[in-house]
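Coordinate analysis (summary)
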Amino acid sequence: MKKQNLRLTLAVGTIGILTALTACSAGGTGSASTDASKADPNAKVTITVGDEPTADKAADRANFLTMVQQFEKANPNITVKPSTEYWQAQTFQAKLAGGTLPTTMNVSLTYSKQLIANHQLPNMTPYLKQAGLLGELNPLALNNVKDSKGDVYTVPYGLFSVGISYNRAIFTKAGLDPNKPPTTWDEVRADAKQIHDNVPGVAGYAQLTTNNTGGWMLTTMTYSMGGTVTNKAGTKTDMGPATEQALQLLHNMRWVDNSMGSQFLYNQDDIRKSFSAGKIGMVLQAPDIYTQAIPTYGMKPADFGQSALPQANGTNGTLTGGTIAMFNAKATPNQLLAAAKWVKFKEFEKYFDKTTAVAGAKADSASNKAVGTPGLPPVADSINSRYLGWIKDYINVPLDQFKGYTSSTLPLIPEPADAQNTYAALDPVVQKVLTDQNANIKQLISTAAQTIDRNLSQAAG
Amino acid sequence: MSKTLAIELRPTSRRKPFNVVRWYQSGGFTAVLFAVPIVLIFLYFTWGPIVQGVVLSVQRTNLVSAASWVGLKNFEFVLTDPGLPQAALNTGYYALLGLVFGFPVPILIAVFINELRKYDWMYNLLAYLPAVVPPVAGILLWKFFYDPSGEGIFNTMLGWFGVGPLPWLNSEAMAMPSLVLYTTWAGAGATAIIYLAAIGGISSELYEAAEIDGAGIWSRLWHITIPQLRNIIFIMMLLQLIGTFQLFTEPFLFTGGGPNNATQTIMLKIYNYAFINGDYGAATALSVLLAIFLCLLSVVYHFVTKRWSPS
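Residues numbered from 1 in each chain as written. Chains lettered and ligands numbered in written order. Predicted model: local features only at pLDDT ≥ 70, side-chain atom pairs only at ≥ 80, totals over all residues.

**Thoughts on the overall build of chain A**
Heads up, the condition is: Under the scheme used here, helices are H or I runs from DSSP no shorter than 4 residues and strands are E runs no shorter than 2 residues, and both carry numbers assigned from the N terminus. All radius of gyration figures rest on C-alpha atoms, and the globule criterion is 2.2 Å times the number of residues raised to 0.38. In this scheme every C-beta is placed from the backbone, and a residue whose C-beta has 20 or more other C-beta atoms within 10 Å is buried, one with 12 or fewer is exposed, and one in between is partly exposed. The contact criterion used is a C-beta to C-beta distance within 7 Å, with each C-beta placed from the backbone.
Counting its regular elements, chain A contains 18 helices and ten strands. The globule rule puts the C-alpha radius of gyration for 461 residues at 23 Å, and the 23 Å found for chain A is close to it. Taking the principal axes of its C-alpha atoms as reference, chain A extends roughly 70 × 65 × 50 Å. Here chain A, with 461 residues, has 50% of them falling under the buried criterion. If you take every contact in chain A between residues at least 6 apart in sequence, the share linking residues at least 24 apart comes to 79%.

**Examining the overall build of chain B**
Each helix and strand counted, chain B has 16 helices and two strands in total. Taken against the 2.2 N^0.38 rule, which gives 19 Å for 311 residues, the C-alpha radius of gyration of chain B at 26 Å runs more than 25% over that of a compact globule. With the principal axes as the frame, chain B shows a C-alpha extent of 80 × 75 × 35 Å. Considering chain B as a whole, with its 311 residues, one finds that 32% of them fall into the buried category.

**Some remarks on the confidence of the model for chain B**
Basically, it comes down to this: Per residue, pLDDT measures the predictor's confidence, with a range of 0 to 100.
When pLDDT is averaged along chain B, the result is 87; 95% of the residues meet or exceed 70. Taken together, the stretch residues 1-9 of chain B has pLDDT below 50 and engages in zero contacts with residues farther than four places along the chain or on a different chain.

**A word on the sheet that holds strand β8 (residues 304-308) of chain A**
All names here are of chain A. Test applied: What makes two strands pair is DSSP finding at least two bridges between them. To obtain each axis, a line is fitted to C-alpha atoms, and for helices this fit is confined to the stretch in contact; angles are then taken between N-to-C directions over 0 to 180 degrees.
If you trace the four strands from one edge of the open sheet to the other, you get β6-β7-β5-β8, paired in mixed fashion. The sheet terminates laterally at β6 (203-206) and β8, the two strands that pair on one side only. Taking each pair of neighbouring strands and ignoring which way they run, the sheet shows an average axis angle of 20 degrees. Taken together, the three bridges between β6 and strand β7 (residues 280-285) define a ladder with parallel strand orientation. Each residue of the ladder has a partner; that of alanine 203, found in β7, is isoleucine 280. Here helix α8 (residues 185-198) sits on the sheet in contact with β6 and β7, set at roughly 140 degrees to β6.

**Looking at unusual backbone geometry**
Here A:Asn211, not a glycine, exhibits a phi torsion of approximately 50 degrees, which is positive. Here A:Asn211 lies in the loop between β6 and α9 (213-224).

**With respect to helix α4 (residues 109-117) of chain A**
All names here are of chain A. Judged by how many residues are buried, α4 sits mostly within the fold: seven of nine residues are covered. By the burial criterion, the buried members of α4 are Leu109, Tyr111, Ser112, Lys113, Gln114, Leu115 and Ile116. Against the buried residues of α4 lie β3 (104-108), β4 (155-161), β9 (318-327) and α17 (419-435). In the stretch just after α4, histidine 119 is the one whose phi turns positive, near 60 degrees.

**Let's talk about the environment of A:Val256**
Relative to the helices and strands, A:Val256 resides in helix α10 (residues 241-256). Residues A:Val256 and A:Lys236 lie 20 residues apart in sequence; the distance between their C-alpha atoms is 33 Å.

**Quick word on the nonpolar core**
Rules: Joined through C-beta atoms within 7 Å, a set of buried Ala, Val, Leu, Ile, Met, Phe, Trp, Tyr and Cys residues constitutes a nonpolar core.
Membership of the largest hydrophobic core comes to 161 residues, with the highest contact counts inside it found for A:Leu336, A:Ala339, A:Ala340 and B:Leu286. In this structure, B:Ala127, B:Ala188, B:Leu196 and B:Leu229 belong to the second largest nonpolar core, which totals twelve residues.

**Some details on the environment of A:Ala359**
All names here are of chain A. Position of alanine 359 relative to the elements: it lies in helix α14 (residues 354-366). The partly exposed category is assigned to alanine 359, around which 17 C-beta atoms lie within 10 Å. In this structure, the C-alpha to C-alpha distance between alanine 359 and valine 68, residues 291 residues apart in sequence, is 14 Å.

**Topic: the pairing of β9(A)**
Residues and elements named next belong to chain A. For β9, a buried count of ten out of ten residues is recorded, marking the element as mostly surrounded by other parts of the structure. Here β3 pairs with β9 via five bridges, running antiparallel. Across the sheet, the residue bridging to threonine 104 is phenylalanine 327, located in β9. Relative to β9, β4 is paired through six bridges, and the arrangement is antiparallel. Across the sheet, serine 161 pairs through a bridge with threonine 320, a residue of β9. Where β9 meets strand β10 (residues 412-413), two bridges bridge the pair, whose relative direction is parallel. Note that in β10 the partner of threonine 318 across the bridge is leucine 412.

**Quick word on the packing of α9(A) against α17(A)**
Residues and elements named next belong to chain A. We apply this condition: Oblique is the label for any angle not covered by the other classes, which are roughly parallel (under 35 degrees), roughly antiparallel (over 145) and roughly perpendicular (65 to 115). The residue classification treats Ala, Val, Leu, Ile, Met, Phe, Trp, Tyr, Cys and Pro as nonpolar and Asp, Glu, Lys and Arg as charged. All others, Gly included, are polar.
Where α9 meets α17, the closest approach of the two axes is 6 Å, and the angle between their N-to-C directions is 85 degrees. Overall, the two elements α9 and α17 adopt an arrangement that is roughly perpendicular. When α9 is examined against α17, the residues Gly214, Gly215, Trp216, Leu218 and Thr219 are found in contact with a partner set consisting of Thr422, Tyr423, Ala424, Ala425, Leu426, Asp427, Val429, Val430 and Gln431. Split into classes, the residues belonging to the contact of α9 with α17 amount to eight nonpolar, five polar and one charged.

**Some words on the domain arrangement of chain B**
Which entries qualify depends on this criterion: Where each domain begins and ends follows an automated or database-derived domain assignment.
According to the domain assignment, chain B contains domain 1 (2-56) and domain 2 (75-308). Of note, the centres of domain 1 of chain B and domain 2 of chain B, computed from C-alpha atoms alone, are 39 Å apart.

**Considering helix α10 (residues 172-200) of chain B**
An α-helical turn contains 3.6 residues, so any two residues separated by three or four positions project in the same direction. Stated precisely, the cut-off is as follows: In a helix, the anticipated span is given by 1.5 Å times the number of residues less one. A residue's bend is the angle separating two fitted axes: one through the seven residues that end there, the other through the seven that start there.
In this model α10(B) runs 42 Å from its N-terminal to its C-terminal C-alpha over 29 residues, within 8% of the 42 Å that 1.5 Å per residue would give. In α10(B), a bend of some 40 degrees at B:Ala188 exceeds every other bend along the element.

**Considerations on the confidence of the model for chain A**
Residues with a pLDDT of 70 or more make up 91% of chain A, whose mean pLDDT is 86. Across residues 6-37 of chain A, where pLDDT falls below 50, the model places 77 contacts with residues more than four positions away in sequence or in other chains.

**Comments concerning the pairing of β8(A)**
Residues and elements named next belong to chain A. Counting buried positions over the five residues of β8 gives five, a clear majority of the element. Of the pairings in the sheet, the one linking strand β5 (residues 163-167) to β8 comprises five bridges and is antiparallel in character. Each residue of the ladder has a partner; that of asparagine 167, found in β8, is phenylalanine 304.

Structure follows, in structure tokens:
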């Protein structure tokens, strides 16, 4: 009996471990004051900054630490403590609650929206103004990090839009012109079939499907076909014929053309690996795939091609994503101002100071990192062009192979409401269409819509 | 006899009145001093989170600003989740598959190793080896094995016999059995070691007597080993049941709950509530429900197996 009690305790205790992850003090300071005068620009202050490169990236790390020194020299009242902390789903919320996150660190744009919606970030508008950063930001990019009142909570600097990545070598083998990537979904289907018919063992086109990426890419496809996923107010789903068309296209490529290979459970890492290994002809990806495909997974730069998101029913647009700097809600006003200054120095100085620009590009190049990967500039286009001119000797990305992407003028559409949650509800829809020939597309969408509506009303409280 | 004994014992079993000095002198205070840190640590780190978790389940919080009380709303939300029945069924299906196919494997491995006269240490090592492989590494390895194309390792092997290629994780029907296959591989060795130790404790006289009576290996297994292992089998079965109801790592890393929610489990749902949706109230509400269910299961199990056990 004693042993049995022990088992019972064990059962409860195991659950306790999970609850331990979330069991933290519910108290907090709330969001920062909107009163900028609370921050004293000359006060002595110490901040911690995340994303310090680890020791295995020697050149990056040295460059980062040099920047810390330069920043401290320029701002003698600010002490910067670097930290290798970076965003991780499992620990982020607990650290946020415990107040142990750095004063500023990087987060994916998609989570930034959720954090803003959950009121887990401080209002940075006054501090960004005081640091002289707000005016320099690309207004287009800024739209992604504002709340409904127009207050800015994070700083976007690594933005991109989703396009289509393709393997130029596979295109050539299949008899396609690698300089003419598909621009419409009809062309994608035809090219995928041609690849399937001519290059054995290669999926003509592959689709992300797991860990919320299925919903992410279905949303992207829906946008490209002129549809939307949630309404403008973010209170209800608004999926229509475009989502059906996107799913029908996937269904046809999978079951009629058989041009999507045999793997239908892809997360972001797995699909990037398979693409880099030459097992996939085309895949929806933002150009930042290049920074992983070539240096990490060993794809030949000459084989890589990137173009804009294919469209259907006219020119409609594409989805944006990227990296932003977030700030700790538990930091003091002086710390937030100092952190805003640091972000300005770390991410934006290169656009205004040639020496910083060249040093950063040189370090990246020495660490075998991609330099000059196209994306949406966080500053005005003219300033970005000047910056690219400064670092042109270190650019190691074959920009010619990105022409279809860089020359694109597709409208940029923000993510749907409650993005990750909405994507999660759409994952099984895409998986079902790709693994069940008799999937009822209309019914799948309507079931997913019910789940999303339920989540949206729960999120609204 | 027992009555007489009770009468005899009565005077000595009477409690002496509590005396602080005597208690102190006999080391009572030192014992308490020794116990205090561990009790405090246990209360703070083990029961603290459990209590906090229960409190969170009736709150709505973003972990930054003050939490608000929402009563049983979180429970209502998770219980009306259209995905919950499937997650519960999947979890139950996994537990069942694990019990039917996975549970006997370590017993058989233990019996097999025990029957070996030579090189038993080597088989012991081989059986235990998967337990040494970290789950993440093991799962990544098996992802290669489960490659659904004709070039996948399992599909290549099946191809030699003219079978397949099978879709493995890419099929709703095969995904869960594939997870059971992996977890059996990963967990059987460690469990077999426990059975092996228990088998070592069985009196060899029983086997010798059986051998003299002409019992074969199966007969010895059925009539001696399994009855003698009964208690440990019951405990391991309960542990496995609790473990299977907490299935998380495998679907999280293998399939992300797919295809089409075929491997979505309760624990994966809890994770998604907490770390994808940022809804800690719903996550802890479902955790509390799972904990209550497992407690009830343990109690029922205890009484059921008690009836089967020898008195």
